[in-house]
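Below, each chain spelled out in residue letters.
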Amino acid sequence: MICFIAMIVFGILGIFSATHRKVALEAFDCVFRKLTLRKCQTGLDIRLKSSITGKLLRKNPNIGKFVYRHFQIISGLFTILLFGSLIWSGVSGYNYYVYGNCNGPSVEDQGGLCLFDPTGSHSEITTCDNEDVNTQTAGQEPTLENVDLSLFPTYQPKNALDKLVYVGCYTCVNTRKVNPVVNELVLTNKDTIQFTFIHLPLYEEYEYMFKLENCLYQESKTAFWTFHNALMQMPIAELDNQENVYSILDKIENSAENKGNKEISRDKIIFCSNTKQAEELLQKQITEIKKMNVEGTPTIFVNDQTFIGPKPLRVYEKQLSTYTDWFGYGLIGLGALILLIMIYF
């Protein structure tokens, strides 16, 4: 068992030292022989035992004698610890690759400590301070159960195979981090993914944007998505001034795509957003948002999986039914190849 530990330790040290590389090769040969029920011929296990216990005997004879008598048991325990740490590291690495965190798929797991993301940037959310929509229940996962998504802006392809629900906020840094990733995901899979955007106004003073969006969406879905992307790109500080937001409506009204369309004008959209009907629709949407148990933004649902914080593109892609996991197949193939080599030798 000591040879297995030596193979790992000296294998790493051998990257930088030719002397350690020689010991690593001896340990590698010894491990392969023992795996195929053959005796180790290099004597590395005996040399390591003598070296370790010899140093301990010089410093503390009692401890040295104890280690010498129980060397196999002690080396076995260290081997088990090594295997345990390797398995834990492997599971953590797999979770990070698949879910963007080291701990697993649940929302509670996503907020835990992760060696591969020490700052926690992939799980950061901007919490909601708007009392109108802040009804998050501690200990419960975000959900889409019984939520009427038809009330929110949706891109619907003819042959939708996957569903993406993106809860975001125009004034939130973390939403802006993930927005280009979501755009790339939707554009790449535009023929198969149903995409719903839910604006979560974290502060009550930004609810007017929600109404503007609703009015634009009713008149032109294309104009809505243009407005949506323009808001995401505008500096957050400028969104505090309503005139800056209204200027986007001016650009949409005067754009080549909307020339001749009298339904899309700044004055008409603003008037629509101040009507009783716009307020009623907003309240219906807020009622549905409360059912979702969302703590903050971004919160993204891809089919049956929920993600909080700005995750890498690969994490969202892996949840799509159209995704082919070549990396996973490669790992399985590599494992099978190693197993065949061990059996052969």
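Residues numbered from 1 in each chain as written. Predicted model: local features only at pLDDT ≥ 70, side-chain atom pairs only at ≥ 80, totals over all residues. Heavy atoms only, no water.

Digging into the packing of helix H7 (residues 173-188) against helix H9 (residues 221-233)
One can describe the packing of H7 onto H9 by two numbers: an axis separation of 10 Å at closest approach and a directional angle of 140°. For the element pair H7 / H9, the angle class is oblique. Relative to H9, the crossing made by H7 is left-handed. Listed contacts from H9 to Thr175, Arg176, Asn179 and Asn183 of H7 are His228, Asn229, Leu231, Met232 and Gln233. By residue class, the composition of the contact of H7 with H9 is two nonpolar, six polar and one charged. (Axes fitted to C-alpha atoms, helices over the stretch in contact; angles between N-to-C directions. Helix = DSSP H or I, 4+ residues; strand = E, 2+ residues; numbered from the N terminus. Parallel < 35°, antiparallel > 145°, perpendicular 65-115°, else oblique. Left-handed = near helix turned anticlockwise from the far one by under 90°. Contact = heavy atoms within 4.5 Å. Nonpolar A, V, L, I, M, F, W, Y, C, P; charged D, E, K, R; others polar.)

A word on the sheet that holds strand S3 (residues 162-168)
If you trace the five strands from one edge of the open sheet to the other, you get S2-S4-S3-S6-S7, paired in mixed fashion. Pairing within the sheet leaves two strands with one partner each, and these edge strands are strand S2 (154-155) and strand S7 (305-308). With four bridges connecting them, S3 and strand S6 (residues 299-302) associate as antiparallel partners. For Val167, the partnering residue across the bridge sits in S6 and is Thr299. (Pairing = 2+ DSSP bridges.)

Some thoughts on the nonpolar core
Formed by 44 residues in total, the largest nonpolar core has its most connected members in Leu164, Leu212, Leu216 and Phe227. The contacts of Leu212, once residues within four sequence positions are left out, are Phe227, Val245, Tyr246, Leu249, Ile269, Ile270 and Ser273. Counting 18 residues, the second-largest nonpolar core is a separate cluster that includes Cys172, Leu200, Leu282 and Ile289. (Core = buried A, V, L, I, M, F, W, Y, C linked by side-chain atoms within 4.5 Å. Buried < 20%, exposed > 50% of the residue type's maximum accessible area, 1.4 Å probe, protein only.)

Quick notes on the packing of aromatic side chains
Scanning the entire structure with this criterion turns up nine aromatic pairs. Plain terms: the ring middles of Tyr166 and Phe197 are 5.3 Å apart, the flat faces sit at 70° to each other, and that makes the pair edge-to-face. One end of the pair, Tyr166, is in strand S3; the other, Phe197, is in strand S4 (residues 193-199), and 31 residues separate them in sequence. Each member of the pair Tyr166 and Phe197 is classed as buried. With a centroid separation of 5.4 Å and 85° between ring planes, the pair formed by Phe307 and Tyr316 is classed as edge-to-face. A single burial state applies to Phe307 and to Tyr316, both of which are buried. Grouped by ring-pair contacts, the aromatic residues Tyr166, Tyr170, Phe195, Phe197, Tyr217, Phe224 and Trp225 constitute a single cluster. (Phe/Tyr/Trp six-rings, centres within 6.5 Å; stacked < 30°, edge-to-face > 60°.)

What about the packing of helix H8 (residues 207-219) against helix H10 (residues 242-254)?
Remark: H8 packs on H10, axes separated minimally by 11 Å, with the N-to-C direction vectors making an angle of 10°. Overall, the two elements H8 and H10 adopt an arrangement that is roughly parallel. Only Gln242, Val245, Tyr246, Leu249 and Ile252 of H10 make contact with H8, whose side of the interface consists of Tyr208, Met209, Leu212 and Leu216. Looking at the contact of H8 with H10 residue by residue, the classes come out as eight nonpolar, one polar and no charged.

With respect to H8
The end-to-end C-alpha separation of H8 is 19 Å, in line with the 18 Å expected for 13 residues at 1.5 Å each. Burial analysis of H8 places eleven of its 13 residues in the buried class, the great majority of the element. Inspection of H8 places Glu207, Tyr208, Met209, Phe210, Lys211, Leu212, Glu213, Asn214, Cys215, Leu216 and Tyr217 among the buried residues, and these make up the whole buried set. For H8, the secondary structure elements touched by its buried residues are S2, S4, H9, H10, helix H11 (266-273) and helix H12 (276-291). (Expected span 1.5 Å × (residues − 1).)

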